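Now for the letters of each chain:
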Amino acid sequence: MRPNIVSEAGLSTRVNQWWENIPFLTSAIVIICGVIYLVCLLVGYDSFAEVCFSPSAVISHFQVFRIYTAIIFHGSLLHVLFNMLALVPMGSELERIMGSIRMLYVIILLATSNAILHLLIALVGTYNPFHLFPSLMNECAIGFSGILFSMIVIETSLSGVQSRSVFGLFNVPAKWYVWILLVVFQLLMTNVSLLGHLCGILSGYAYTFGLFNMLIPGTSFYAGIESSPWLSTCVRRPKFIVCSGGNTSGYIPTHSGQNTTSSDMLSGNLWTNLSSWMPQRGPSTQTSQDSDRFPGRGRALGSDLNLAASVVNSNSSLQARLLDDNSRQISTTIGGEQQKSDGRLPTQNGIVEPTRIQANQSSTPSDVEVQKLVAMGFERTQVEVALAAADGDLNVAVEILMSQQVLI
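Residues numbered from 1 in each chain as written. Predicted model: local features only at pLDDT ≥ 70, side-chain atom pairs only at ≥ 80, totals over all residues. Heavy atoms only, no water.

A. Expanded view of the overall build of the protein chain. What the protein chain contains, in helices and strands, is 17 helices and 4 strands. Here the protein chain holds 408 residues, and 33% of them are scored as buried. Pairs at least 24 residues apart make up 67% of the contacts formed inside the protein chain by residues separated by at least 6 positions. Carbon and sulfur atoms make up 62% of the accessible area of the protein chain, which amounts to about 25600 Å² in all. (Helix = DSSP H or I, 4+ residues; strand = E, 2+ residues; numbered from the N terminus. Buried < 20%, exposed > 50% of the residue type's maximum accessible area, 1.4 Å probe, protein only. Contact = heavy atoms within 4.5 Å. Areas by Shrake-Rupley, 256 points an atom, 1.4 Å probe, with all protein chains shown as cover.)

B. Geometry of the layout of surface pockets. If you add up the space inside the largest pocket, you get close to 1100 Å³. In this structure, the largest pocket is lined by 45 residues; those nearest its centre are His79, Asn83, Ile142, Ser145 and His197. If you list the elements that add at least two residues to the lining of the largest pocket, you get helix 4 (66–69), helix 5 (77–98), helix 6 (100–127), helix 7 (145–159), strand 1 (163–166), helix 8 (174–188) and helix 9 (194–208). Looking at the lining of the largest pocket residue by residue, the class counts come to 26 nonpolar, 15 polar and 4 charged. (1 Å grid on protein atoms, 1.4 Å probe; cavity = no way out; pocket = protein on both sides within 12 Å on 5 of 7 lines; lining within 4 Å. Points joined across faces, edges and corners; volume = space filled by probe spheres on them. Nonpolar A, V, L, I, M, F, W, Y, C, P; charged D, E, K, R; others polar.)

C. Representation of the nonpolar core in the model. Counting 45 residues, the largest nonpolar core has Leu87, Ile107, Phe144, Ile147 and Met151 as the members making the most contacts within it. Contributions of two or more residues to this core are made by helix 2 (24–43), helix 5, helix 6, helix 7, helix 8 and helix 9. For Met151, the contacting residues outside a window of four places in its chain are Leu87, Met90, Gly91, Leu94, Met103, Ile107 and Phe144. Grouped together as the second largest cluster of nonpolar side chains are 11 residues, Leu373, Leu387, Val396 and Ala397 included. (Core = buried A, V, L, I, M, F, W, Y, C linked by side-chain atoms within 4.5 Å.)

D. Highlighting the pattern of salt bridges. On inspection of all chains with the given rule, the structure shows 2 salt bridges. Of the charged contacts, one joins Glu155 and Arg164 as a salt bridge, the two residues approaching to 3.0 Å between their closest N and O atoms. Across the pair, exposure class does not vary: Glu155 and Arg164 are buried alike. With a shortest N-O distance of 3.4 Å, Glu384 and Arg380 are connected by a salt bridge. With Glu384 and Arg380 both in helix 16 (residues 380–389), this residue pair falls 4 residues apart, about one helical turn. When its relative accessible area of 34% is taken as the criterion, Glu384 is described as partly exposed. Accessibility expressed as a relative area gives 38% for Arg380, which makes it partly exposed. (Salt bridge = Lys/Arg side-chain N within 4 Å of Asp/Glu carboxyl O.)

E. Seen up close, the packing of helix 2 against helix 6. Between helix 2 and helix 6, the least distance of the axes is 8 Å, while the angle of their chain directions is 50°. By the angle class used here, helix 2 and helix 6 are oblique. Residues Phe24, Leu25 and Ile29 of helix 2 touch helix 6, and the partners they reach there are Ser100, Met103, Leu104 and Ile107. Classifying every residue of the contact of helix 2 with helix 6 gives 6 nonpolar, 1 polar and no charged. (Axes fitted to C-alpha atoms, helices over the stretch in contact; angles between N-to-C directions. Parallel < 35°, antiparallel > 145°, perpendicular 65-115°, else oblique.)

F. Spatial organisation of the state of the cysteines. Scanning all chains against the criterion turns up 1 disulfide. One disulfide in the model links Cys52 with Cys140; its S-S distance is 1.7 Å. Here the S-S torsion is close to -115°, and the disulfide linking Cys52 with Cys140 is therefore left-handed. Placement of Cys52 in the loop between helix 2 and helix 3 (55–61) and of Cys140 in the loop between helix 6 and helix 7 is noted, with a sequence separation of 88 residues between them. (Disulfide = S-S within 2.5 Å.)

G. Local environment of the environment of Gln371. Mapped onto the fold, Gln371 is located in helix 15 (residues 367–375). Residues Gln371 and Val383, spaced 12 residues apart in sequence, show a C-alpha to C-alpha distance of 9.0 Å.

H. Expanded view of helix 9. Taking 1.5 Å per residue as the helical rise, helix 9 with its 15 residues ought to reach 21 Å, and the 21 Å between its terminal C-alpha atoms agrees with that figure. Within helix 9, 11 of the 15 residues are buried, which leaves it mostly tucked inside the rest of the structure. Listed in full, the buried residues belonging to helix 9 are Leu195, Gly196, His197, Cys199, Gly200, Ile201, Ser203, Gly204, Ala206, Tyr207 and Thr208. On its buried face, helix 9 sits against helix 5, helix 6, helix 7 and helix 8. With a side-chain oxygen lying 3.0 Å from the backbone nitrogen of Gly196, the N-terminal cap of helix 9 falls on Ser193. Once helix 9 finishes, Gly210 follows within two positions and takes phi at roughly 85°, a positive value. (Expected span 1.5 Å × (residues − 1). Polar contact = N/O pair within 3.5 Å; in protein donor to acceptor, adjacent residues only side chain to side chain.)

I. Focus on the pairing of strand 2 (residues 170–173). Two strands pair when backbone bridges link them, and strand 1 and strand 2 are joined in this way by 4 bridges, in the antiparallel orientation. Following the sheet pairing, Ser163 is matched in strand 2 by Pro173. Where strand 1 hands over to strand 2, the hairpin turn is made up of 3 residues, of which Phe167 adopts a positive phi near 55°. (Pairing = 2+ DSSP bridges.)

J. Just the packing of aromatic side chains, in detail. Counted according to the given criterion, the structure contains 10 aromatic pairs. On the numbers, 6.2 Å between centres and 70° between planes, the contact of Phe48 with Phe73 is edge-to-face. Separated by 25 residues along the polypeptide, Phe48 in the loop between helix 2 and helix 3 and Phe73 in the loop between helix 4 and helix 5 bring together distant segments of the chain. In this structure, Phe48 and Phe73 share a single accessibility class: buried. Grouping aromatic residues by their ring pairs yields a cluster made of Tyr45, Phe48 and Phe73. The ring of Tyr177 has Arg164 sitting right over it, with the charged end atom 5.0 Å from the ring centre. (Phe/Tyr/Trp six-rings, centres within 6.5 Å; stacked < 30°, edge-to-face > 60°. Lys NZ or Arg CZ within 6 Å of the ring centre and 35° of its normal.)

K. Representation of the confidence of the model for the protein chain. This prediction gives the protein chain a mean pLDDT of 74; 67% of its residues lie at or above 70. Confidence scores differ between elements of the protein chain, with helix 12 (residues 265–276) showing the lowest mean pLDDT of 37 and helix 2 the highest of 95. In this model, residues 245–312 is a region of pLDDT below 50 whose contacts with residues beyond four sequence positions or in other chains number 55 contacts. In the model, residues 329–363 has pLDDT below 50 throughout and makes 25 contacts with residues more than four positions away in sequence or in other chains. (pLDDT = per-residue confidence, 0-100.)

Written out as structure tokens, the structure is:
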């Protein structure tokens, strides 16, 4: 019996297969975060004071680079392993939908919005007139988990599932899944940034509700980056996903409107007013541009089959027209000459006689018409048949002959 190759494959083979199925950007983030953690571990760097996101450092020294350096540094082996294992399934799914370049742009956008929200909440908590939280300004946050919480919101809204499993233990409604994770992590783990995770959730909801649509460019922007020479090496890699292979619009439609009740009427109108001035993208613009650039009709592959089908349809419509003419001729003959005044058909000995209609004398093809069509290159037998079917009409006969040639 032949052994099962898949079940008997070694660990290295399975790991290679798993790694090859991860798209380009997701695998690049895993490598970057893993290498950075190993370098920090080897050199003994564990303070992260120069690279973490600190609201006080961003405001006082305008160190904007902390927004992006904070997401690629991790404090422990468990921290980086947990974040990267969570990134692989979600990041792979979103990257296959968006494309690698668009996914990178969305990650940068989410990191920026997370930092801005984090900064605003820290300022409000520190300088509010009610209760002060000065520790929020001095917080030093690192890790990719803020982006992961944004991805959870986007992926949950995009998939449309009704329930999600929390670590395989129990199921919860999908709309509460990310909030339950926020509470679980805050209770079970120490030194967890509540603001970092909370701002990631808020950024994810802002993205799904279309608040970032004006900041997301169209497909041509990503296509221009993918066609640049300095990125050609990455684009040629099999794991790289081009933007044209994902969604055609500049953003993923993750929010669908629902029927609102009377109590939600005010909020619905407010949302409509806010979204009315937001630019929307759709395929209609591209279609109109294509029609302006190419006003004529092109001949696509398989046009011969389409032409033959159209000729068959015209031939069938011609036969229907001929049958319709014959039926009208029968009804006219019956109603005009042979029908009695009381509206009944002529009878003989109480039996209805079948009406005899004389053949149209003009349907017999003349030698002159036959010679004309033969001179055009058609066979005489086909010409006579076509003229008989067309009742002597040269144009109709030519149409019949041309249809026969196309079908052959």
